[in-house]
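Here's the letter readout for the chains.
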Number of protein chains: 2
Amino acid sequence: MPTPHYGQPRYRAIAEQIRERIERGLISPGSLLPPESALTAEFQASRGTIRQALAVLRESNVVATEHGRGTYVAGPACTQRSDWGSESELRYRKVPADSELAVLFAVDAGTTLIEGQGITQKNGAVETVVRIYRIPRTES
Amino acid sequence: MPTPHYGQPRYRAIAEQIRERIERGLISPGSLLPPESALTAEFQASRGTIRQALAVLRESNVVATEHGRGTYVAGPACTQRSDWGSESELRYRKVPADSELAVLFAVDAGTTLIEGQGITQKNGAVETVVRIYRIPRTES
DNA sequence: AGAAATTTGTCCGTATGTATC
DNA sequence: AGATACATACGGACAAATTTC
């Protein structure tokens, strides 16, 4: 069999399926995923491909892996929210890097960055504005 | 040959060597690294291992890769700075409000605001930049 | 405590698809 | 169109950590 991967590569599709399974609650947070050998059998994919899929989920902090133990659903960190008071939206958009950000990130001025902005209010008036910048994820 | 990897795994050692080569300036920022095939020959490692090493550097934003093009050096470390004074966790300065901030704070554009900036780093590269704005405390 | 089984980590080699020059 | 270079996928082998018996 050749290895065609029109559109979505195999490992991403598998990662998506596993992610859905997690978000659907079919695997309780903190519990172990099936071992790579089982996933290999289930998805009829080589172990390398399965590991690539798990790497995607690991990247997104959806799961965590321990040597010799297994891969479990990252429950506590995700589900648990400690003591954050009220909710406020954090909006994202793409902006070109100004000269200062360009220096900090070691990119050319004008390079597209991801900017997130949030605000805190007091008595209906804006108290503080926070902006966070990062380099766009190279994937997706 | 067996696959002994006592201590440091091969791909990490290779990543380290390439990183040193970059930090030493042997490869100018923005230029292309040798292709994976060349690195394969040079380090006498399989292409998979080389790709693992490059993945490490990509993770740290030391390099960036484009499909049929090659792998770039993302740029030297970020010891550079603008006019922020010097080393401190958070640094503040006064800036005029841009139009957007002016709307949020309900002040005139150009009004002086307090801007604080902080950065987070990962492996010597800037990961995120945070800026926080507020109205100067006038009264007491 | 020790041995075996399980599971993830590392590495190799090969083949083919896809994007860029 | 051809050459170059990265992306995806397979299969096999052995190492290292954990669990189980």
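Residues numbered from 1 in each chain as written. Chains lettered and ligands numbered in written order. Predicted model: local features only at pLDDT ≥ 70, side-chain atom pairs only at ≥ 80, totals over all residues. Heavy atoms only, no water.

A. Examining the protein's contact with DNA strand D more closely. DNA strand D sits among 26 residues. The nearest are A:R10, A:T49, B:R47, B:R51 and B:H67. The sugar-phosphate portion of DNA strand D accounts for 77% of its atoms within 4 Å of the protein, the bases making up the rest. Note that a phosphate oxygen of DNA strand D is positioned 3.0 Å from one of the side-chain N or O atoms of A:Y11. Contacts to DNA strand D include B:E36, whose backbone N or O atom sits 2.9 Å from a phosphate oxygen. (Near = heavy atom within 4 Å. Polar contact = N/O pair within 3.5 Å; in protein donor to acceptor, adjacent residues only side chain to side chain.)

B. Representation of the packing of helix 1 (residues 10-23) of chain B against helix 2 (residues 36-43) of chain B. All names here are of chain B. Where helix 1 contacts helix 2, the axes come no closer than 12 Å and their chain directions differ by 110°. On the basis of the axis angle, helix 1 is roughly perpendicular to helix 2. Counting all contacts with helix 1, which are made through R10, I14, Q17, I18 and R21, the residues of helix 2 involved are L39, E42 and F43. Of the residues belonging to the contact of helix 1 with helix 2, the class tally is 4 nonpolar, 1 polar and 3 charged. (Axes fitted to C-alpha atoms, helices over the stretch in contact; angles between N-to-C directions. Helix = DSSP H or I, 4+ residues; strand = E, 2+ residues; numbered from the N terminus. Parallel < 35°, antiparallel > 145°, perpendicular 65-115°, else oblique. Contact = heavy atoms within 4.5 Å. Nonpolar A, V, L, I, M, F, W, Y, C, P; charged D, E, K, R; others polar.)

C. Summary view of the interface of chain A and chain B. Every contact between the two is made by 21 residues of chain A and, on the other side, 27 residues of chain B. Taken over both partners, the interface formed by chain A and chain B buries close to 2,100 Å², and the fraction arising from carbon and sulfur atoms is 54%. For the chain A face of the interface with chain B, the top three residues by lost area are A:E100, A:L104 and A:R131, together amounting to 32%. Remark: the boundary between chain A and chain B carries 2 salt bridges. Of the charged contacts in the structure, one is a salt bridge between B:R131 and A:D98, with a shortest N-O distance of 3.5 Å. (Buried area = accessible area lost by both parts, 1.4 Å probe. Salt bridge = Lys/Arg side-chain N within 4 Å of Asp/Glu carboxyl O.)

D. Spotlight on the packing of helix 1 of chain B against helix 3 (residues 47-59) of chain B. Residue and element names in this part refer to chain B. Where helix 1 meets helix 3, the axes come as close as 8 Å, and the angle between the chain directions of the two elements is 55°. In terms of orientation, helix 1 lies oblique with respect to helix 3. As helix 1 packs across helix 3, the resulting crossing turns out to be right-handed. Contact residues: helix 1 offers R10, Y11, R12, I14, A15, I18 and R19, while helix 3 offers T49, I50, Q52, A53, L54, V56 and L57. Looking at the contact of helix 1 with helix 3 residue by residue, the class counts come to 9 nonpolar, 2 polar and 3 charged. (Left-handed = near helix turned anticlockwise from the far one by under 90°.)

E. Looking closely at the environment of B:E127. All names here are of chain B. With respect to the secondary-structure elements, E127 resides in strand 5 (residues 125-134). Taking relative accessible area as the criterion, E127 reaches 30% and is therefore assigned partly exposed. Sequence separation of E127 and S60 is 67 residues, and the distance between their C-alpha atoms is 8.5 Å. (Buried < 20%, exposed > 50% of the residue type's maximum accessible area, 1.4 Å probe, protein only.)

F. Fine view of the environment of A:A102. Residue and element names in this part refer to chain A. With respect to the secondary-structure elements, A102 resides in helix 5 (residues 99-105). Expressed as a C-alpha distance, the spacing of A102 and L113, which sit 11 residues apart in the sequence, is 9.4 Å. With near-sequence residues (within four places) excluded, A102 lies in contact with A97, V107, D108 and A109.

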